[in-house]
Amino acid sequence: SEQDVVITSACQSSVCEKIMELLGQDKIDHHQRQVAILSQDSFYRVLTPEQKVKALKGQFNFDHPDAFDNELVMITLKQILQGKTVQIPVYDFVQHSRKDEFITVYPADVVLFEGILMFYSQEIRDLFQMKLFVDTDADTRLSRRVLRDISERGRDLEQVLSQYITFVKPAFEEFCLPTKKYADVIIPRGADNLVAINLIVQHIQDILNGGLTKRHNGCSNGHAPPRQRRTSESSSRPH
């Protein structure tokens, strides 16, 4: 039978990380976490040789919906809803390819799934019980991208700016920004907006503690109440 998992999506990793930190879940062993975090970036498609040549030259659009393996995203989310342990691909952003390794994500009551295009596909969007849209200004998005791509992915400034103008900004305006209308909560200023983030954290704590189910007579936002974690559960999971 399916597990009562609340899947939330936010389109900025720093917000998800802040939520995990305030919930204290970042200090807990992966096997015991009630809240798990996934990233859409893990689900980039395997590129063809021709696409990889373009990618190495900074000429491939990684911000287009077709760049992601949405079939694998759907399979993974459905397995999570069924309470299964899942294997998440690890993507190499320097070589533009999947590594021969996986990250194991164990069953959890709440799953945060971050990614700028998580609301684009209706089939995927409909699986989320709470949808968050992190609204940051263009200058902030660009500066963060420049710092990340240069320091973490070994790219030069000219290539980063060229990609941003050619692919990133147009894709954001065409594919990401219109999905803002599907959000249940819009968070301005991203991880700096502690008031909004604390409200989300309190909502998740209510779910984990069963508080919402008590207030709604046994149902949370139209879904079954969250499962209660049993002491024996953790020992039955693969290590």
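Higher on the page you've got the structure.
The text that follows walks through the structure, step by step, so that each part is easy to find. The model shown is predicted, which means the values in this text are computed figures rather than measured ones.

With that settled, the discussion passes to the environment of Arg145. Structurally, the position occupied by Arg145 is in helix α5 (residues 138-153). With a relative accessible area of 17%, Arg145 lands in the buried category. Note: C-alpha distance between Arg145 and Tyr164 (19 residues apart in sequence) is 8.7 Å. Apart from the residues within four sequence positions on either side, Arg145 is in contact with Asp63, Val160, Tyr164 and Val168.

Our focus in this paragraph is empty space enclosed by the protein. Here the structure, examined in full by the defined rule, presents 1 cavity of 30 Å³ or more. A volume near 40 Å³ is recorded for the largest cavity. Lining of the largest cavity is provided by Ala36, Ile80, Lys84, Val105, Tyr106, Pro107, Ala108 and Val111. A per-class count over the lining of the largest cavity returns 7 nonpolar, no polar and 1 charged.

If you trace the backbone, Gly190 turns up in the loop between β7 (185-188) and α7 (194-209). Its relative accessible area of 0% is what places Gly190 among the buried residues. Once residues within four sequence positions are removed from consideration, Gly190 is found in contact with Gln12, Val15, Val134, Asp135, Thr136 and Ile197.

For the pair α5 and helix α6 (residues 157-176), the least separation of the axes is 10 Å and the interaxial angle reads 135 degrees. Of the possible angle classes, the one that applies to α5 and α6 is oblique. Crossing angle aside, the handedness with which α5 passes α6 is right-handed. In this structure, α5 contributes Ala138, Arg141, Leu142, Arg145, Val146, Asp149 and Ile150 to the contact, and α6 contributes Leu157, Val160, Leu161, Tyr164, Val168 and Phe172. Within the contact of α5 with α6, the residues separate by chemical class into 10 nonpolar, no polar and 3 charged.

When two helices pack together, their arrangement is given by the angle between their axes and by how far apart the axes lie. Their axes nearest at 10 Å, the elements helix α1 (residues 13-23) and α7 cross at an angle of 55 degrees. Classified by the angle between their axes, α1 and α7 sit oblique to one another. Along this stretch, α1 crosses α7, giving a crossing that reads as right-handed. Counted together, Val15, Lys18, Ile19, Leu22 and Leu23 of α1 and Leu194, Ile197, Asn198, Ile200, Val201, Ile204 and Gln205 of α7 form the full contact between these two elements. Grouping the constituent residues of the contact of α1 with α7 by class yields 9 nonpolar, 2 polar and 1 charged.

Calculation notes
Residues numbered from 1 in each chain as written. Predicted model: local features only at pLDDT ≥ 70, side-chain atom pairs only at ≥ 80, totals over all residues. Heavy atoms only, no water. Helix = DSSP H or I, 4+ residues; strand = E, 2+ residues; numbered from the N terminus. Buried < 20%, exposed > 50% of the residue type's maximum accessible area, 1.4 Å probe, protein only. Contact = heavy atoms within 4.5 Å. 1 Å grid on protein atoms, 1.4 Å probe; cavity = no way out; pocket = protein on both sides within 12 Å on 5 of 7 lines; lining within 4 Å. Points joined across faces, edges and corners; volume = space filled by probe spheres on them. Nonpolar A, V, L, I, M, F, W, Y, C, P; charged D, E, K, R; others polar. Axes fitted to C-alpha atoms, helices over the stretch in contact; angles between N-to-C directions. Parallel < 35°, antiparallel > 145°, perpendicular 65-115°, else oblique. Left-handed = near helix turned anticlockwise from the far one by under 90°.

No statement about biological role is implied by the geometric values presented.
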